[in-house]
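# Observations on the three-dimensional arrangement
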Amino acid sequence: MSEAPDDMTNPDFQNLWQSQPKEMTVMSLDQVHTRARAFKSQIQWRNRLEHAASALVVVVFSGYAIFLDPPLMRLGSILIVAATLLVSLILVVRGRAAPVSDGAEDCLDFHRRALIRQRNLLSSAWLWYVMPFVPGFVLFMIPAIQNSAGDKGVTVWIYLGIALVFFGGVIAVNLLGARGLQKEIDRLEG
Amino acid sequence: MTATAEQDRRYQEAAAEFGPALERLARGYEAHPERCRDLVQDIHVAVWKSLALFDGRCSTRTWVYRVAHNTATSHVLKERRRGAWVTLDAAAEINDGSDIEADTSHARALQKLMALIQSLEPSDRQIMLLYLEGLDAAAMAEITGLKSGHVATRIHRIKALLSRRFHAGGRS
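Rules used in this analysis
- Residues numbered from 1 in each chain as written.
- Chains lettered and ligands numbered in written order.
- Predicted model: local features only at pLDDT ≥ 70, side-chain atom pairs only at ≥ 80, totals over all residues.
- Heavy atoms only, no water.
- Contact = heavy atoms within 4.5 Å.
- Buried area = accessible area lost by both parts, 1.4 Å probe.
- Salt bridge = Lys/Arg side-chain N within 4 Å of Asp/Glu carboxyl O.
- Polar contact = N/O pair within 3.5 Å; in protein donor to acceptor, adjacent residues only side chain to side chain.
- Helix = DSSP H or I, 4+ residues; strand = E, 2+ residues; numbered from the N terminus.
- UniProt positions renumbered as here; feature names shortened; annotations may be inferred.
- Core = buried A, V, L, I, M, F, W, Y, C linked by side-chain atoms within 4.5 Å.
- Buried < 20%, exposed > 50% of the residue type's maximum accessible area, 1.4 Å probe, protein only.
- Domains from an automatic or database assignment.
- Phe/Tyr/Trp six-rings, centres within 6.5 Å; stacked < 30°, edge-to-face > 60°.

Listed as interface residues are 64 residues of chain B and, on the opposing side, 43 residues of chain A. Its largest share of buried area at the contact with chain A, chain B owes to R24, N70 and L132 of chain B, together 11% of the area lost on that side. In this structure, the connection of chain B to chain A is made through 3 salt bridges. Salt-bridge contacts for E121 of chain B lead to R187 of chain A; the nearest nitrogen and oxygen are separated by 2.6 Å. At the boundary of chain B and chain A, one finds 17 residue pairs in polar contact (both at pLDDT 80 or more). Breaking the side of chain B that touches chain A down by element, the ones donating at least two residues are α1 (3-29), α2 (33-50), α3 (60-79), α5 (106-118), α6 (122-132), α7 (137-144) and α8 (148-167) of chain B. No other element matches α2 of chain B, which puts 11 residues into the side of chain B that touches chain A.

Pasting the structure below:
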């Protein structure tokens, strides 16, 4: 930039920085248009991938819902399918709400908005990402516990432990992430 | 002229004027050459898209720098390497172990400057990059949204940090 800086100028570092060799060729207008379209299809492809993973869960548990014998397992499978569809829908809706920059918003506001959005996603993950699966998981496990050989009390504790480690782990990781983001937000506002 | 043609014209003018600065800006956010090239292109696309909404409420320069820094900030937030970032104050405490002789080389000095920039938190990085581009404090305040006083304080810290790192051989 050739704009005359004020008395804070340090020509050594600014010259060092601005005299970097230019490596990349300028994008033509056609290239910009093409990349804008490619970016859109990249997002569509990522969404398809997420939907494919959800579809796999839906297919497997739909199969369980049809072919498994214990009614509770069937009901549990149906609830897991419903939870998968719900989480997929939430991901799509929240993905659409990802912050996009326009020049009307300064960097501080944009940065804060991006961090708050990420923090809210993580801090509420227990509600929208974990809880929907809990009822189906519980119903799915009850027949497995009932049909298990040996001490049923021990089996209940084992399943409970697995559920706590899995669901609790997901919640803890997300809450820790949210706490880290909150610290960043506080620093921005401080 | 249609809205798209106007948008294209504004973009071409902005790219011609700020293209090299946008490339340097991307280098300050992304060390990996391939990903840096992608980031430069993403920034150009973001600038082009945003210019459809440009209404003259600020200068083109402010608009373009905001979009570029915001796009680059989104990029680094997605990469989730924030654990390794430090504030200007923390950076001043770090002894990078370099020696004075090596820093006399232009390439080495640039490399070292780049590493320092890439270690900073996004908000400090924005100020550092705008300072290195030679913008004045008022322009930086408008782009970043920080108060002028905060910008001046950070520039003071940046100058002290650069001076310590480059002229004192990294001694803290």
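So, about the UniProt feature "transmembrane region" (unreviewed entry) in chain A. In the UniProt entry, the feature "transmembrane region" (unreviewed entry) is given for residues 49-67, 73-93, 126-145 and 157-177 of chain A. End-to-end, the C-alpha atoms of residues 49-67 of chain A are 27 Å apart, and along that stretch the chain is 100% helix and 0% strand.

Residues and elements named next belong to chain B. Throughout the structure, instances matching the rule amount to 14 salt bridges over all chains. For the salt bridge of R9 with E6, the shortest nitrogen-to-oxygen distance reads 2.6 Å. Taken together, the residues span about one helical turn, with R9 and E6 both in helix α1 at a distance of 3 residues. Among the ionic contacts, a cluster of salt bridges with common partners joins E6, R9, R10 and E13.

The next point concerns the nonpolar core. Core analysis: the biggest nonpolar cluster contains 73 residues, and Y11 and L162 of chain B have the highest contact counts within it. No other element matches α1 of chain B, which puts 9 residues into this core. The two domains that each donate at least three residues to this core are domain 1 (1-80) and domain 2 (83-172) of chain B. Counting residues in each nonpolar core, the second largest holds 7 residues, with V58, V81, F140 and M141 of chain A among its members.

What follows deals with the packing of aromatic side chains. Using the criterion set out here, one finds 8 aromatic pairs over all chains in the structure. The interplanar angle of 85° and the centroid separation of 5.3 Å between the aromatic rings of F137 of chain A and F167 of chain A together place this pair among those described as edge-to-face. Pair noted here: F137 of chain A is in helix α6 (residues 134-146) and F167 of chain A is in helix α7 (residues 152-189), with a separation of 30 residues, a long-range link. On the basis of relative accessible area, F167 of chain A is assigned to the buried category, the value being 13%. Here the aromatic rings of F18 of chain B and Y65 of chain B are separated by 5.9 Å at their centres, their planes lie at 65°, and the arrangement is edge-to-face. Highlighted residues: F18 of chain B in helix α1 and Y65 of chain B in helix α3, separated in sequence by 47 residues. Comparing F18 of chain B with Y65 of chain B, the two get one shared label, buried. Through a chain of ring-to-ring contacts, the aromatic side chains of F61, Y64 and F140 of chain A assemble into a single cluster.

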